[in-house]
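# Geometric and topological summary
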Amino acid sequence: MIFMSVLSKILPIIFLLCIGVLLKRSAFISESTVFEIKKLIINISLPALLFFSFLNTDFHPEYLILIVVIFIVNICMLFIGIFFKSTIKGTNIYFPLLFTGFEMGMLGFSFYGSVFGVENISYIGVLDLGQELFVWFILSSILLSYQKGRSASLSSSLKSFISSPVILSITCGVVLNIVGLKALIQENTAFSSITTTLTLLSQLTIPLILLVIGYQLNFRFSKMRLPLITISIRLVFLMLIAIGIDFFIIKKLLHLSREFSIALYTMFILPPPFIIPLYMTDEETSLHEYVGNTLSVATIITIIGFVLIVFVSSIV
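Residues numbered from 1 in each chain as written. Predicted model: local features only at pLDDT ≥ 70, side-chain atom pairs only at ≥ 80, totals over all residues. Heavy atoms only, no water.

### Remarks on the overall build of the protein chain
To keep things clear, this is the line we draw: Going along the chain from the N terminus, every DSSP run of H or I of four or more residues is numbered as a helix, and every run of E of two or more is numbered as a strand. Each radius of gyration reported is based on C-alpha atoms, and the globular scaling rule is 2.2 Å times the count of residues to the power 0.38.
The helix and strand inventory of the protein chain stands at 13 helices and 0 strands. Secondary structure elements of the protein chain occur, N-terminal to C-terminal, as α-α-α-α-α-α-α-α-α-α-α-α-α. Taking 316 residues into account, the globule formula puts the C-alpha radius of gyration at 20 Å, and the protein chain, at 19 Å, falls close to it. Projected onto its principal axes, the C-alpha coordinates of the protein chain cover approximately 60 × 50 × 50 Å.

In structure tokens, the structure reads:
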């Protein structure tokens with residue numbers, strides 16, 4: 001019965017990913033169409049989903065500790081990547097960057113929400129705030145510095161952070177929740193049409209994301225050694241760190257619910273951020289191949305890992 005219960009939650013994810021793969025192989029839609037769909041997700045449907053999730057979340061001061069902890073974990077993973085870059089032959093400048101960060105927008109929210117319910121996305125959303133700070137202020141600055149000596153100033157990083165649709169939607173949801181306007185928004189007739197529209201948009205998020213991920217799965221088997229090494233080392237360290245955070249911080253220090261534990265492990269099996277290739281120049285062909293292979297391998301491992309998380313959470 002437990003196996004069938006888990007299967008019923010996971011199969012829709014697998015089916016949607018497979019449909020995405022078929023859409024690519026049949027050339028039913030083009031890469032440019034997928035790019036436009038991603039813009040729709042990141043700028044409209046995902047923010048709508050996160051807005052409602054945080055609008056309905058009960059906030060506690062201890063959440064700030066989790067946000068800081070996740071930010072520190074990302075910093076530590078970056079230095080771990082730098083260490084292994086100096087010890088493993090054949091690495092490149094992007095090797096350490098693939099040790100840190102998590103692809104929340106296109107994978108974390110969709111996987112967690114599809115199985116544990118969109119109403120519970122705020123659990124993993126709280127954790128995401130820490131890594132969003134890292135991505136916009138640290139990771140993006142490093143990536144920009146690789147582009148012919150460019151660098152990001154603090155003001156430009158701050159502007160990118162606060163103008164992110166994901167951050168804006170979370171902020172709006174949190175603020176309206178804290179100031180007590182939640183009931184007004186949900187019950188007032190004047191706002192009903194707006195909230196209904198946002199609800200309909202949010203419902204597009206998970207299926208569209210999974211279709212896009214399936215479409216973008218891409219393996220080049222000629223050079224898989226370094227991607228496999230990268231993801232293997234990354235996962236070993238992240239799982240050890242996750243066990244420590246879960247036991248000592250989530251359970252012993254903060255006494256938070258098991259939903260946070262599930263969200264933590266879900267986040268830590270995710271691939272590195274998919275924005276990394278967007279900062280790479282067209283001349284970096286071999287590096288594009290390495291980063292693309294690494295992200296694809298990590299995505300497959302994430303699917304397998306998430307199945308295990310769902311199974312364990314169902315029996316524990």
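That was the structure; now back to the text.
### A word on the side chain of Thr266
As a reminder, the rule being used: Partly exposed residues are those whose accessible area sits between 20% and 50% of the maximum for their type, while under 20% is buried and over 50% is exposed, using a 1.4 Å probe and protein chains only. Any two residues whose heavy atoms approach within 4.5 Å are treated as being in contact.
Structurally, the position occupied by Thr266 is in helix H12 (residues 258-268). Residue Thr266 is classed as buried on the basis of its relative accessible area, which comes to 1%. Excluding residues that lie within four positions of it along the chain, Thr266 makes contacts with Tyr112, Ile124, Phe306 and Ile309.

### Here's the deal with the pattern of salt bridges
Our working definition: Just to be clear on terms, a salt bridge is a Lys or Arg side-chain nitrogen sitting within 4 Å of an Asp or Glu carboxyl oxygen.
One pass over the full model with this rule turns up 2 salt bridges. Measuring nitrogen to oxygen at the nearest pair gives 3.8 Å for the salt bridge that ties Lys39 to Glu36. Of this pair, Lys39 and Glu36 both sit in helix H2 (residues 31-55), 3 residues apart, which is roughly one turn of that helix. We classify Lys39 as partly exposed; its relative accessible area is 41%. Note on Glu36: relative accessible area 44%, which makes it partly exposed.

### Examining the environment of Phe311
By the secondary structure assignment, Phe311 is in helix H13 (residues 285-315). Between the alpha carbons of Phe311 and Met4 there is a distance of 10.0 Å; along the sequence they are 307 residues apart.

### Structural notes on a nonpolar patch on the surface
To be explicit about the condition: A patch consists of residues exposed above 30% relative accessible area that lack any salt bridge, with like charges linked at up to 9 Å and nonpolar side chains (Val, Leu, Ile, Met, Phe, Trp, Tyr) linked at up to 5 Å. For the area figures, the Shrake-Rupley method with a 1.4 Å probe applies, and any residue is considered shielded solely by the protein chains shown.
Taken together, the side chains of Phe59, Val175, Ile178, Val179 and Leu181 make up a nonpolar region of the molecular surface, amounting to roughly 420 Å² of accessible area. Here Ile178 is to be found in helix H7 (residues 165-178).

### Here's the deal with the confidence of the model for the protein chain
The test is simple: The pLDDT value expresses, per residue, how confident the predictor is, ranging between 0 and 100.
Summarising the model, the protein chain shows a mean pLDDT of 85, and 91% of its residues fall at 70 or more. Within the protein chain, no element has a lower average pLDDT than helix H8 (residues 182-187), which sits at 68, and none a higher one than helix H11 (residues 225-253), at 96.

### Overview of the packing of aromatic side chains
The geometry of an aromatic ring pair is captured by the separation of the ring centres together with the interplanar angle, meaning the angle of the planes. Selection criterion: When the centres of two rings from Phe, Tyr and Trp lie within 6.5 Å, Trp using its six-membered ring, the rings pair. Their planes under 30 degrees apart give stacked, over 60 give edge-to-face, and anything left gives tilted.
Taken as a whole and assessed by the stated rule, the structure comprises 13 aromatic pairs. Between Phe84 and Phe99, the ring centres sit 6.3 Å apart and the planes meet at 15 degrees, which makes this aromatic pair stacked. Here Phe84, found in helix H3 (residues 63-87), pairs with Phe99, found in the loop between H3 and helix H4 (104-116); they are 15 residues apart in sequence, far enough to count as distant. Where Tyr112 meets Phe116, the ring centres are 5.0 Å apart and the plane angle is 40 degrees; that geometry is what we call tilted. Here Phe116 and Tyr112 lie together in helix H4, a separation of 4 residues that amounts to about one turn. Taken together, the ring pairs connect Phe83, Phe84, Phe95, Phe99 and Phe237 into an aromatic cluster.

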